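# Inside the fold
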Amino acid sequence: MKIVKIALLGVCNSRYVIEAAARDNDISVEPYIFQPCFLDITKKGLGIPYKKFYELPPIDGKEETAIFTKKTMQFDLNKTALSTIESINPNYLVIDLSTLAMKTYEVELGGKKVFSCNAYSPSCYEYLQENIKDLHFQKVEIDENFIKDSINELSEYLKNNWDLSKVIIFNYIRPKYYMGLDKKIYKYPTSYWGVKQAEIIKIYTKYLSELLPSVKVFEDSDIKIGYHSKGELERKEPIPSSFHTSENTQKLQGLLFRKFLFNECNEEIDKIKNILIEEINTKLCSWL
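A few points on the structure. Every chain is numbered independently, its residues counted from 1 as its sequence is written. Two thresholds apply to this predicted model, a pLDDT of at least 70 for residue-level local features and 80 or more for giving and counting side-chain atom pairs, whereas whole-chain, interface and lining totals are computed over all residues. Water and hydrogen atoms were dropped before computing side-chain values, which therefore reflect all heavy atoms in the structure.

For the rest of this paragraph, the subject is the overall build of the chain. Counting secondary structure elements, the chain contains 10 helices and 11 strands. Principal-axis analysis of the C-alpha atoms places the extent of the chain at approximately 60 × 45 × 40 Å. Buried, partly exposed and exposed residues are distinguished by accessible area as a fraction of the type maximum, computed with a 1.4 Å probe on protein chains only: under 20%, between the cut-offs, and over 50%, respectively. Every one of the 288 residues in the chain was classed for burial, and the buried ones make up 50%. Whether two residues touch is decided by their heavy atoms; if any such pair falls within 4.5 Å, the residues are in contact. If you take every contact in the chain between residues at least 6 apart in sequence, the share linking residues at least 24 apart comes to 75%. All accessibility values rest on the Shrake-Rupley procedure with a 1.4 Å probe; residue burial counts only the protein chains present in the view. By element, 50% of the accessible surface of the chain is carried by carbon and sulfur atoms, the whole surface being about 14300 Å². Each helix corresponds to a stretch of at least 4 residues labelled H or I by DSSP, and each strand to a stretch of at least 2 residues labelled E; elements are numbered beginning at the N terminus.

Attention shifts here to the pattern of salt bridges. Here, a salt bridge means any side-chain nitrogen of Lys or Arg that lies within 4 Å of a carboxyl oxygen of Asp or Glu. Inspection of the entire model under this criterion finds 15 salt bridges. In this structure, Lys 251 engages Glu 247 in a salt bridge whose closest nitrogen and oxygen atoms are separated by 3.9 Å. You can see Lys 251 and its partner Glu 247 sitting in helix H9 (residues 247-262), four residues apart, about one turn around the helix. For Lys 251, a relative accessible area of 42% translates into the label partly exposed.

For the rest of this paragraph, the subject is helix H6 (residues 144-161). The span one expects for a helix is its residue count, reduced by one, times 1.5 Å. Between its terminal C-alpha atoms H6 stretches 26 Å, which fits the 26 Å expected from 18 residues at 1.5 Å a residue. Within H6 the residues assigned to the buried category are Ile 147, Ser 150, Ile 151, Leu 154, Ser 155, Tyr 157 and Leu 158. The buried residues of H6 occupy an angular sector of 160 degrees when projected down its axis, which confines them to one face. What points out from H6, more than 90 degrees from its buried face, is the exposed set Asn 145 and Asn 160. Polar contacts, as counted here, are pairs of nitrogen or oxygen atoms within 3.5 Å of one another; within protein the pair requires one atom able to donate a hydrogen and one able to accept it, and residues that are adjacent in sequence qualify only if both atoms are side-chain atoms. Looking at where H6 begins, the residue whose side-chain oxygen comes 3.2 Å from the main-chain nitrogen of Asn 145 is Asp 143. An arc is given here, and it is the one of the directions from the helix axis to the C-beta atoms.

Keep in mind that these numbers describe shape and distance, not what the molecule does.
The structure is reproduced here in structure tokens:
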């Protein structure tokens, strides 16, 4: 059986989609580059030796010290995401620009500076700093023009280095509803951070797709239920991240992606859509 290798520059939501699309392991996420910063992804990094990221041991209960977090920093600070992907030669590259709406840090070492995003910033940089004393970082605000210039550079890089038929742009759509800790369904409040974030992501995704009109765009599902991750449940957070979704949502997303790739699953898509709609209708709080 031929395995379709899909490299991902993205976040939890886009990873769920690709993994859920697989049947009998016929699709693999290889590699998964978690939360890359797109502002300078095509440029040179800090050149931190591999071992420096891992010499300090992980600390139980502190995700900023976890191996996976170290791996994301290694790709991001050294700007090796694209070269790593290209060395594997995947069948497709999926680009999810969700990190353009995240907090961004400027990280400096030896006179070199890069931009970086991480779910556990700034504590992940602080932990790395214990091993690399000359590492410095600060939170920065990035204006729209700089972001668009960065997307222009990424677009030119892809045109010059990739077969664009192998590139897929991921158009993220946030869920309107979430499952609460009480197992009832609520609407995400308009003040919730994920609402504004989704608007920003949509703007830049559209901009990249206009720069690369020949590149196919995958449309994420607009029927979704946000759902607490394991960590969010343990912390008893009242509202789950809009990037974390229910099992049935992930099934629908996976079927949509499989249809996108292979033109399959129409009947299954309709069935799972109806299940999700029924779940929303029956569990939605009556006062909403």
